[in-house]
Structures are given as structure tokens and as C-alpha cells.
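A structural walkthrough
Below are the chains, spelled out letter by letter.
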Amino acid sequence: MLRVFGYWLTRYRRTWRGSIVINVLNPLLFLIGIGAGLGALVDDNAPAQIAGVSYAAFFAPGMLAAAAMQNAFLEGAAGVARAAGFGAYRSATPTPLRPEQLAAGHLLFITFRVLIASGAFIVVMAAFGLIGGWWALGALLGATLTGVAFAAPAAAWAVGVRKLRHIDTVFRFVIMPLYMFSGTFFAVSQLPEWIRPVSYLLPLWHGVELCRTLSLGTATVTGSSVHIGYLLVLAIGGFLVARVTYRRRLHP
């Protein structure tokens, strides 16, 4: 697993500059454009809808979790599909490395990428005065767990994908709508009552709530345990399925 992780890390050394710029500029633009720009209107007209905190403080941890989801899915789906189709996995298949080791090493690297990106987001949040102290570490870990909960199932599925357009379809019609139904931009309580139970079952909602409560200092042991448990089940279950799908694809 560590050898596979080292391979992906070596590749990352050639491209990290571009990714760091994206990881810093994206949260900065989101927080300025939506958190501060649109947030000023929300703060003036509907402060009760966001639990009495500024919209920027409400929005930032939700976007932190959503960004972790998006980064993890793209790495876990598109990255894995390319590696399995005509990339590193094919080169590693004749070696003593087992399919589950390829999966574990790649997922470890994706976890590292999500951790770095989430850390950059939190640095920007701290610069805006939206988070600080030990809560920042908790939100960082919560965002990383959210990413892994999406990356593992995505990798388990994508290793068998033959055409990348299928990944684009899932991204457009599954991943992107989660932004709107998981409390990222507004509280789930603002949704129609009939759809709220569906939102509570979405993995991104658990990630958003975990990051938001940790960021605002309102986390409880019971609530955080539920969110962490839900995300861990997805992450572990995704890896267990990946062990099977990787073996079927790489050693048919």
C-alpha cells in the first residue's frame, strides 16, 4: 500500500503547484463572492434563517464539506478510471502488488489530497475570522472523512468504468445536485417538508453538519458520533467493495 502511495505522491510532485493554486483560489473566491457578497444581503434580511450567525460563518463549513466531496469524487472516479483503463494499474498488474493494495494505496493518496485541499480552505476561513482554535482541526478531519466517504465508493465503481462520459453523467446528475439538498447554501429546514427526510439520508448532509457544528462550536457527542459513523460506514463499505471490483477488473 505504501509503495503505491509513494508512486502517486511522486507523480503529484510534478503537478502540486497548479493544484495548490486551485485549492487556495477556489475557497477565496467562494467566500468573497457568496460568503461576503451574497452573505451581506442574507445578514440584513434573514438572519433568523441561519441560527443567528453571519451567513459567511454558516456557508463556509458547508462549502468546505462540499468541496471535499467534489475533489474526492473526481480523484476517486476519474483518476481511478484512467489508471485502470490505460494507466498505472495496468503497469502494476504483472507485479506482486495485489489489487486491494492498489486500491488502498490510491485511496490513501486521495485522502492526502483531500486533506491538503481542506487544509487550504480552512486557512482561508481563518483569514476571514470564520474559524479558529481546536475547532479548525476538528473541521479539517470532518472534511477529510467526508471526502473519503465519497472517494471509496467512487473508486469501487469507477475501476470498472470503460467510458469516462459515464463519470461526467454521475457528476452532473448526482454529485452537483447534492449541493442543493444537503444544507450547503441554506438550512435543510428551508426545504419543503416532504423532502427533508431524503436530505437527512444524504452523505453530504452528514458531512456538512459535522463540519458546520465543529466550525461553529455547537457539536455534540451524540450528533457528531452519528455523522462520523455514517461516513465511516460508507468509507469502509466502499473499500470492501473495491477489493472485489479491483480484482475483477485487474485479474479477470
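In the annotation of an unreviewed UniProt entry, the entry for the chain reads Transport permease protein, and the organism field reads Micromonospora noduli. What UniProt states about the chain under its Sequence similarities (unreviewed entry) heading is, verbatim, "Belongs to the ABC-2 integral membrane protein family."

Digging into the pattern of salt bridges
Tallied over the full model, the rule gives 3 salt bridges. For arginine 113, the salt bridge is made with glutamate 75, and the minimal N-O distance between the two is 3.0 Å. Here glutamate 75 lies in helix H3 (residues 55-86) and arginine 113 lies in helix H5 (residues 99-127), a separation of 38 residues in the sequence. Note that glutamate 100 and arginine 247 form a salt bridge whose closest N and O atoms lie 3.6 Å from each other. A residue pair is termed long-range when its members are at least 10 positions apart, and glutamate 100 in helix H5 and arginine 247 in helix H10 (residues 221-250) qualify at 147 residues. Salt bridges sharing common partners tie together Arg98, Glu100 and Arg247.

What to know about the UniProt feature "transmembrane region" (unreviewed entry) in the chain
Within this numbering scheme, the UniProt entry marks residues 20-42, 48-68, 107-128, 134-158, 170-191 and 228-246 as carrying the feature "transmembrane region" (unreviewed entry). Taken end to end, residues 170-191 is 55% helix and 0% strand, and its two terminal C-alpha atoms sit 23 Å from one another. Across residues 228-246, helical content stands at 100% and strand content at 0%; the span's end C-alpha atoms are separated by 26 Å.

Re the packing of helix H6 (residues 134-158) against H10
It is the contact of H6 with H10, at a shortest axis distance of 7 Å, that shows an interaxial angle of 25 degrees. As the angle between them shows, H6 and H10 are arranged roughly parallel. You can see that H6 and H10 cross each other, and the crossing is left-handed. Across the interface between the two elements, Leu145, Thr146, Val148, Ala149, Ala152, Pro153, Ala155 and Ala156 of H6 pack against Ile228, Leu231, Leu232, Leu234, Ala235, Gly238, Phe239, Val241, Ala242, Thr245 and Tyr246 of H10.

Rules used in this analysis
- Residues numbered from 1 in each chain as written.
- Predicted model: local features only at pLDDT ≥ 70, side-chain atom pairs only at ≥ 80, totals over all residues.
- Heavy atoms only, no water.
- UniProt positions renumbered as here; feature names shortened; annotations may be inferred.
- Salt bridge = Lys/Arg side-chain N within 4 Å of Asp/Glu carboxyl O.
- Helix = DSSP H or I, 4+ residues; strand = E, 2+ residues; numbered from the N terminus.
- Axes fitted to C-alpha atoms, helices over the stretch in contact; angles between N-to-C directions.
- Parallel < 35°, antiparallel > 145°, perpendicular 65-115°, else oblique.
- Left-handed = near helix turned anticlockwise from the far one by under 90°.
- Contact = heavy atoms within 4.5 Å.

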